[in-house]
Amino acid sequence: MSPDVQTPVAAPPAALAEERAPVRRPGRLRAPKITATRVLLIVLWLGSWELSASTFLDPFYYSKPSAIWGRIVDWFTTGTAFGSIWEQMFVTLQEAVIGFVIGSLAGVVLGVLLGRGRFLAEVCAPFIKAANAIPRIVLASLFVIWFGLGMSSKVATAVVLVFFAVFFNAFQGAREVDKTLIDNARILGAGPRQILTTIVLPSATSWILASLHVAFGFALIGAIVGEYTGADKGLGLLINHAQGTFDSAGIYAGMIIITVMALLAEWLLTLLERRLLAWRPPSTATAQI
């Protein structure tokens with residue numbers, strides 16, 4: 001045998017076991033701890049609230065978790081004073097979704113348009129700032145006078161709240177597009193429409209999607225504020241009725257149902273964002289909230 005040829009040496013069993021052992025990622029270990037900590041905080045919060053309302057806090061004003069849970073169960077089993085709770089939820093959700101879609105589309109279109117047109121942006125800037133400064137509760141009252149107690153006034157309030165949340169992000173996203181990239185596209189023969197669809201909109205997508213997470217919550221707020229101002233159906237009407245009858249448990253129950261609806265919408269928007277931004281490489285510095 002030639003001295004240059006080396007006989008392969010078998011690796012020890014311990015080394016093979018280390019190579020075959022699956023690598024444990026820190027994220028898999030952190031997730032259960034984060035979930036357990038969240039559950040513990042909720043249990044401590046509800047427990048301290050229940051104990052306080054049973055000892056020194058007046059439950060007539062502050063209610064307590066057991067009474068709130070009882071009101072929610074009662075609404076879902078026997079119904080509310082205005083009919084089925086599912087009907088009230090559907091009405092509020094319908095108003096919020098319609099206002100969310102209209103306000104988002106208007107905010108994206110106008111935001112990108114003004115973001116790419118500096119002259120038009122400078123002309124419209126004071127009017128947009130003035131409209132954004134108007135208190136939303138005043139607009140809700142005007143919409144009730146203009147459109148009545150039906151769905152139109154609630155949708156209009158939701159549209160106003162959603163529009164400004166989306167508009168400013170879309171405007172900033174359109175302004176943040178790399179100018180060098182646009183110049184290179186023009187050199188290659190790209191027209192204004194191609195630049196808009198292939199460069200500006202993809203670059204502003206992350207800005208727009210970030211605003212949508214907040215915008216749907218604003219859409220729900222707009223629907224609730226409109227129903228609170230004047231309505232014949234909806235969760236805002238239930239909360240207003242609970243306030244009029246000094247039913248603090250009913251107010252909290254309505255708030256919890258609205259919160260659950262908002263969290264479900266947030267989950268759906270997160271799935272949509274991941275699908276639309278699948279092309280983007282993941283950021284190692286991004287923290288999950």
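Our structure is the block above this text.
Because the structure is a prediction, the values reported are computed rather than measured. (Residues numbered from 1 in each chain as written. Predicted model: local features only at pLDDT ≥ 70, side-chain atom pairs only at ≥ 80, totals over all residues. Heavy atoms only, no water.)

A. Highlighting the pattern of salt bridges. Under the criterion given, the structure shown has 2 salt bridges. With its nearest N and O atoms 3.0 Å apart, the salt bridge here joins R71 to D247. On the criterion of sequence distance, the pair formed by R71 in helix 4 (residues 65–77) and D247 in the loop between helix 11 (235–244) and helix 12 (248–276) is long-range, its members being 176 residues apart. The exposure class assigned to R71 is partly exposed, which follows from its relative accessible area of 25%. The shortest N-O distance in the salt bridge between K233 and E87 comes to 2.9 Å. Highlighted residues: K233 in the loop between helix 10 (192–229) and helix 11 and E87 in helix 5 (residues 85–116), separated in sequence by 146 residues. Using a relative accessible area of 28% as the deciding quantity, one classes K233 as partly exposed. (Salt bridge = Lys/Arg side-chain N within 4 Å of Asp/Glu carboxyl O. Helix = DSSP H or I, 4+ residues; strand = E, 2+ residues; numbered from the N terminus. Buried < 20%, exposed > 50% of the residue type's maximum accessible area, 1.4 Å probe, protein only.)

B. Examining helix 5 more closely. Compared with the 46 Å implied by 1.5 Å per residue over 32 residues, the 46 Å span of helix 5 between its first and last C-alpha is a close match. Where helix 5 starts, the residue carrying a side-chain oxygen 3.2 Å from the main-chain nitrogen of W86 turns out to be S84. (Expected span 1.5 Å × (residues − 1). Polar contact = N/O pair within 3.5 Å; in protein donor to acceptor, adjacent residues only side chain to side chain.)

C. Structural view of the packing of helix 11 against helix 12. Axis separation between helix 11 and helix 12 bottoms out at 8 Å; the angle between their running directions is 160°. Taken together, the axes of helix 11 and helix 12 lie roughly antiparallel to each other. Remark: the crossing between helix 11 and helix 12 carries left-handed chirality. Every residue of helix 12 that contacts helix 11 at L235, I239, A242 and Q243 is listed here: G250, I251, G254, M255, I257, I258 and M261. Residues that form the contact of helix 11 with helix 12 fall into these classes: 8 nonpolar, 3 polar and no charged. (Axes fitted to C-alpha atoms, helices over the stretch in contact; angles between N-to-C directions. Parallel < 35°, antiparallel > 145°, perpendicular 65-115°, else oblique. Left-handed = near helix turned anticlockwise from the far one by under 90°. Contact = heavy atoms within 4.5 Å. Nonpolar A, V, L, I, M, F, W, Y, C, P; charged D, E, K, R; others polar.)

D. Inspection of the packing of helix 5 against helix 12 at higher detail. Taken N-terminus to C-terminus, the directions of helix 5 and helix 12 make an angle of 45°; their axes are 12 Å apart at the nearest point. As judged from the angle between their axes, helix 5 and helix 12 are oblique. Both helix 5 and helix 12 take part in a crossing whose hand is right-handed. Contacts between helix 5 and helix 12 involve I85, M89, L93 and F100 from the first element and I257, M261 and L269 from the second.

E. Here's a closer look at unusual backbone geometry. You will see that S63, though not glycine, has its phi angle at about 55°, which is positive. Within the secondary structure, S63 sits in the loop between helix 3 (59–62) and helix 4. One non-glycine residue, F246, lies in the positive phi region at around 55°. Counting through the fold element by element, F246 comes out in the loop between helix 11 and helix 12. In this structure F246 comes out as exposed when scored by relative accessible area, which is 60%.

F. The arrangement of the packing of aromatic side chains in detail. Summed over all chains, the structure comprises 14 aromatic pairs. Relative to F216, the ring of F100 has its centre 5.4 Å away and its plane inclined at 75°; by these criteria the two rings are edge-to-face. Taken together, the residues span a long stretch of sequence, with F100 in helix 5 and F216 in helix 10 at a distance of 116 residues. Pair check on accessibility: F100 and F216 agree, each one buried. For the pair F163 and F164, a centre-to-centre distance of 5.1 Å together with 80° between the ring planes defines the contact as edge-to-face. The class of F164 is buried, set by a relative accessible area of 10%. Pairwise contacts between aromatic rings join F163, F164, F167, F168 and F171 into one cluster. (Phe/Tyr/Trp six-rings, centres within 6.5 Å; stacked < 30°, edge-to-face > 60°.)

G. Representation of the environment of G107. Topologically, G107 is positioned in helix 5. Of the residues examined, G107 reaches a relative accessible area of 0% and is grouped as buried. Considered as a pair, G107 and V159 are 52 residues apart in the sequence and their alpha carbons are 9.5 Å apart. When neighbours within four sequence positions are excluded, G107 is seen to be in contact with F163, V166, F167 and A170.

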